[in-house]
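Chain residues, written in single-letter form:
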Amino acid sequence: MSTPPIPYNRQASFMGFSIEQHPAIGQDLEAEFGAIRQCLEQTQDRLAQILRDDGLLASLSVHPDAPNQAVRPMPGAEAGTPKGNWRSGLVYNPKDIVRVGATRYLALVEHVTGADFSTDLAAGKWQPLSSENDDTLRADLASPSNGGTLVGFQQVGSGAVARTTRDKLREFASANDFGAKFDGVTDDTAAIQAAVNAHSRVYIGPGTALISAAIVMRSNSALIGTGPDTIIKVKDGANCHGIVNADAVNGNEGIHLANFTVDGNKQNRTVGQNRRCIELRNCRFVDIYNVTVKNSQDHGLYSPGVLTAGWTVVGVRAIDCGQAGELGGSGIVLPSKSAALGCYASGCYLNGFKSGGHGLSYIGCHATQNNGGFDTGTTTGAVEIQRYIKFVGCEAFQNNSYGFVIGTESTHVELIGCTAAENKNDGLFVYQSVNNLTVLGGYFMRNGKGGTVGVYPGDQRGKWGINITDSGASPCNNVTIIGATIGDDAADFGGSATQEIGLVIRGTGTNIKIKDCRFFGNLNQPMNVSSNGSSIEVTGCAGLTMNEALATVDVAVTGTTTETVMHSLTAKEDEARVGQIMRVQASGTVTGTSGTKIIRFNDGTTSQVVANFAAGEIGAWTADIEIFFKSKSVQIWRGTVSKAGVVTGVMQQVNKNFATGDVTLRVTGQLGNAADSIVLNGSRFWTIR
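Presented here is an overview of the structure given in this document.

### Section: the overall build of the chain
In step 1: Counting its secondary structure elements, the chain contains five helices and 56 strands.
In step 2: Going through the 689 residues of the chain one by one, you find that 46% of them count as buried.
In step 3: Within the chain, contacts between residues at least 6 apart in sequence are counted, and of these 63% link residues at least 24 apart.
In step 4: Element-wise, carbon and sulfur atoms account for 52% of the exposed surface of the chain, whose accessible area totals about 30,900 Å².

What follows is the structure, given as C-alpha cells:
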C-alpha cells in the first residue's frame, strides 16, 4: 500500500493582491497549485484501493484491524494477487483472486479456466472468499444448514479431494448434536435416542449421561464413546435396562458398541426388577469393544434368544453385577457361535462368565472374586445343550466357589493352558452327563480356600484341584486330561495348604484318561479314584506316590502246613487305584521232598499261585509280576514265573477281582508237609500310581 497523502499546507495568501506585494506571482501560484495537485492525487490513489468502480467498498478492504499493520492481513486482502473479473481460457495460479458477480474467489491450484466458472468451482479449483455484503456473509456462515458449505476441507495426502466442511462433519453424529449434556444431572435419554434413531453411527461423551429408559439400538447401528470417561448411568429409581435392541422377537443384527461404561446403579433401584446393563435379545453379528458393565441388578451383558449368535466381545469388563432377589447375576453371558477375548469379570453375584449356547470361545479371559468363575451349565432361557466350547489361556482366581464348572450335559469342551488357583472349592468341577472333555496343560493349584460342599447334584463339590463326578444316573464320559499341573504349594509361600486332593474321579463314567500330569506340593492325596466306571487309565504322571517294601533278610516257612505270609504291601482304599501298578519281584528256594510246596500272591481273600512244587521237587523259584488296576475292583495280572531255573509260564490273568477296601498283597508259602521248607530270599514290592 502507498504512503499516506501529504497534507496540503497553504504556502501563500493572495488576500489584498497587488503587483507590488507579489512581484513573482506566477511562481507562487505554481507552487500552491502543485501542492494541491499532489495531495489530491495521493488521496485518489488511496480511495482506489477501497472503492470499486460501481462506488461500493471493495471486499475485505475495511475491517477493524486494517489500520493495524502488526495484524496479519485478512485472507484475500493481501495474501493473494487480484486479477479482476474471471475470464475463460486464462491460466490462473494459486492465490490469484478473481471476481464473479458479487463474490471474490481464491485460486487453489494452477489451471487453465474452462468455458464455465461453475464447472471449475465444482472441481475444487476455487474457494469463495466472501460476499460483497459482509453482513450477508456472516449470516451465511452462521447458518446451521448452509454455513458448512462455505468452508472447504481437503484431507492431507495424495489423491485427497476437496470437500465442504459440512460434508466432513456429517460423516459422524454426536448425541450432543441432539441436545445431550453428559453433565450427570440432565436426563439425556431423549437426546441419545434421537441421535441413534437418526444416524447409523453415534458418538457419545465424554461425561455422564443419565437415562430413565433403555437406549434402543436398531440393526446396523453403532454407539461409540470416548473411553472410561463416557458413562451411561440409569437414574435413581428407574425401572429399565441400560441398552436393548429394537426387535426382541425377530432380533437385530450388526450392532456395534464401543468405548463406554454402562452403570446399572443397582444401589439406588428397587430389588427384583431383573434389569441388565446390556440385553440384546435374538441379535446376530454383534461387536462389543472396550465396554464396562457394572452395578447391574441382574446379568451385566446378556444375550438370550434362539436366534442370538455370532458375537465378538473384546476387552469387556463386568464389575459387581447381580444381587440377591434377581433372576440371574452373572457378568458376561455369551450366545452361540461367539467369542470373548481379553474380557474380565469381578465381584459378580453368580458367575463371572456363563455360557449361553454352543460354539463358544473364551480366549485370555479372567474371572476373579465372583461367586463362580466360568460355567458351561444351563443358562436361564437356554434351549440347547452347551457344546463345542473352548477355553484358551483363561484364569479363574480367588472365586468364592469353583474356578471352572463343566456340567449339565456339556459336550466337546476344551480347556487349553488354563489356570484355576485359590478358589474356595474345586479348581475344575466336571459333573452330570459331561461328554468329551479335554484338558490340555494348565495349572490347578491352591484351591479349597475355605469352600464347603456345594449345591450341585449329589453335593459332590469339594476342595480339590480337579473333580470329575456324577450322580450315577448321569455319568461323565470320555474325559481326557493331559499335561496338567496339579498341587498345592501354599506352604512354600508361608501359607497353609488347602487343596486336599489333587484329582478326584467318582461315579460311573467311562473312558477317563489321565496322562503325563504332574502332582506336587502338600496334598493329602494326589489322586482319589472311587469310580465304578470302566476304561479309566492313569499313565505317565509324575509326583504320584510310590510305596516300596523291601525284604532284606531271608524268611522261611517250615514246621507248619498253614499258609504263611512271608512279605506284604498295602495300598489304602482312599488312594488312587485306577491306573495303579503294583509290582512284585520275589525269589527263593524250596527244600524237602515230603510234600507239596506252594508259593502264592494273596490279597487275603483270593490267591494266585506263583509256583507249585510237587513232592520230591526242590530248587529255586522266581516271580516278576505286575498287577494293573483297570478299575476299582478289576485287575489284570501279567508277568513271568520260573521253577528250578525253568520258566514255567507267562502269567496273565484278566479281570482278577479283589475285595473293595484296602488292598494288601502278600507273598505266602504253604507246605504240604511241615518237615519241608520254603525260603523267601528277598522280595521287593512297588506300588506305582
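Now that the structure is up, let's keep going.
### A few points about the packing of aromatic side chains
In step 1: Following the criterion strictly, the structure yields 13 aromatic pairs and no others.
In step 2: The interplanar angle of 75° and the centroid separation of 5.3 Å between the aromatic rings of F172 and Y203 together place this pair among those described as edge-to-face. Of this pair, F172 sits in the loop between α4 (165-169) and β9 (173-174) while Y203 sits in strand β11 (residues 201-203), placing them 31 residues apart in sequence.
In step 3: Y203 sits in the partly exposed class, given a relative accessible area of 30%.
In step 4: Geometry around F520 places R518 over its ring, the cationic atom sitting 4.7 Å from the centre.
In step 5: The ring centre of F613 lies 5.3 Å from the NZ or CZ of K643, which sits over that ring.

### So, helix α5 (residues 189-198)
Along an α-helix, residues three or four apart share an orientation, since each turn contains 3.6 residues.
In step 1: For α5, the set of buried residues is T189, A191, I192, Q193, A195 and V196.
In step 2: Its buried side turned inward, α5 meets β9, β10 (183-187), β11, β12 (207-211), β13 (215-217) and β14 (222-224).

### Overview of the pattern of salt bridges
Oppositely charged side chains are able to pair whenever their charged atoms sit close together.
In step 1: Tallied over the full model, the rule gives 15 salt bridges.
In step 2: Notably, a salt bridge pairs K235 with D187, separated by 3.6 Å at the nearest N-O pair. One end of the pair, K235, is in the loop between β15 (230-234) and β16 (243-245); the other, D187, is in strand β10, with 48 residues separating them in the sequence.
In step 3: Residue K235 is classed as partly exposed on the basis of its relative accessible area, which comes to 28%.
In step 4: Taking the shortest distance from any N to any O, the salt bridge between E279 and R276 comes out at 2.5 Å. R276 matches E279 in its accessibility class, with the two residues each being buried.
In step 5: What you see here is one network of salt bridges that share partners, running through R276, E279, R281 and D298.

### Details of a nonpolar patch on the surface
In step 1: A cluster of nonpolar side chains, namely L141, L150 and V151, defines an oily patch on the protein surface of about 210 Å² accessible area.
In step 2: Along the chain, the position of V151 falls in the loop between α3 (134-142) and β7 (152-154).
In step 3: The exposure class assigned to V151 is partly exposed, which follows from its relative accessible area of 39%.

### Observations regarding the pairing of strand β29 (residues 372-375)
In step 1: Bridging between strand β26 (residues 351-355) and β29 involves three bridges; their strand directions are parallel. Counted as the bridge partner of N351 is G372 from β29.
In step 2: Relative to strand β32 (residues 404-406), β29 is paired through two bridges, and the arrangement is parallel. Note that in β32 the partner of F374 across the bridge is F404.

### Digging into the pairing of strand β3 (residues 96-100)
In regular strands, side chains alternate between the two faces of the sheet.
In step 1: Sheet topology note: the strand β1 (residues 81-85)/β3 ladder contains three bridges and is parallel. Paired with P82 across the two strands is I97, which belongs to β3.
In step 2: Two strands pair when backbone bridges link them, and β3 and strand β4 (residues 103-107) are joined in this way by four bridges, in the antiparallel orientation. Across the sheet, residue R99 finds its bridge partner in β4, namely R104.
In step 3: Between β3 and β4, which pair antiparallel one after the other, the connecting turn spans two residues, and G101 there sits at a positive phi close to 65°.

### As for the environment of L257
In step 1: Relative to the assigned elements, L257 resides in strand β17 (residues 256-263).
In step 2: In this structure L257 comes out as buried when scored by relative accessible area, which is 0%.
In step 3: In this structure, the C-alpha to C-alpha distance between L257 and D287, residues 30 residues apart in sequence, is 6.4 Å.
In step 4: Not counting the four nearest positions on each side in its chain, L257 is found in contact with M217, L223, I278, D287, I288, Y289 and V291.

Criteria and thresholds
- Residues numbered from 1 in each chain as written.
- Predicted model: local features only at pLDDT ≥ 70, side-chain atom pairs only at ≥ 80, totals over all residues.
- Heavy atoms only, no water.
- Helix = DSSP H or I, 4+ residues; strand = E, 2+ residues; numbered from the N terminus.
- Buried < 20%, exposed > 50% of the residue type's maximum accessible area, 1.4 Å probe, protein only.
- Contact = heavy atoms within 4.5 Å.
- Areas by Shrake-Rupley, 256 points an atom, 1.4 Å probe, with all protein chains shown as cover.
- Phe/Tyr/Trp six-rings, centres within 6.5 Å; stacked < 30°, edge-to-face > 60°.
- Lys NZ or Arg CZ within 6 Å of the ring centre and 35° of its normal.
- Salt bridge = Lys/Arg side-chain N within 4 Å of Asp/Glu carboxyl O.
- Patch = residues over 30% accessible without salt bridge, like charges linked within 9 Å, V, L, I, M, F, W, Y side chains within 5 Å.
- Pairing = 2+ DSSP bridges.

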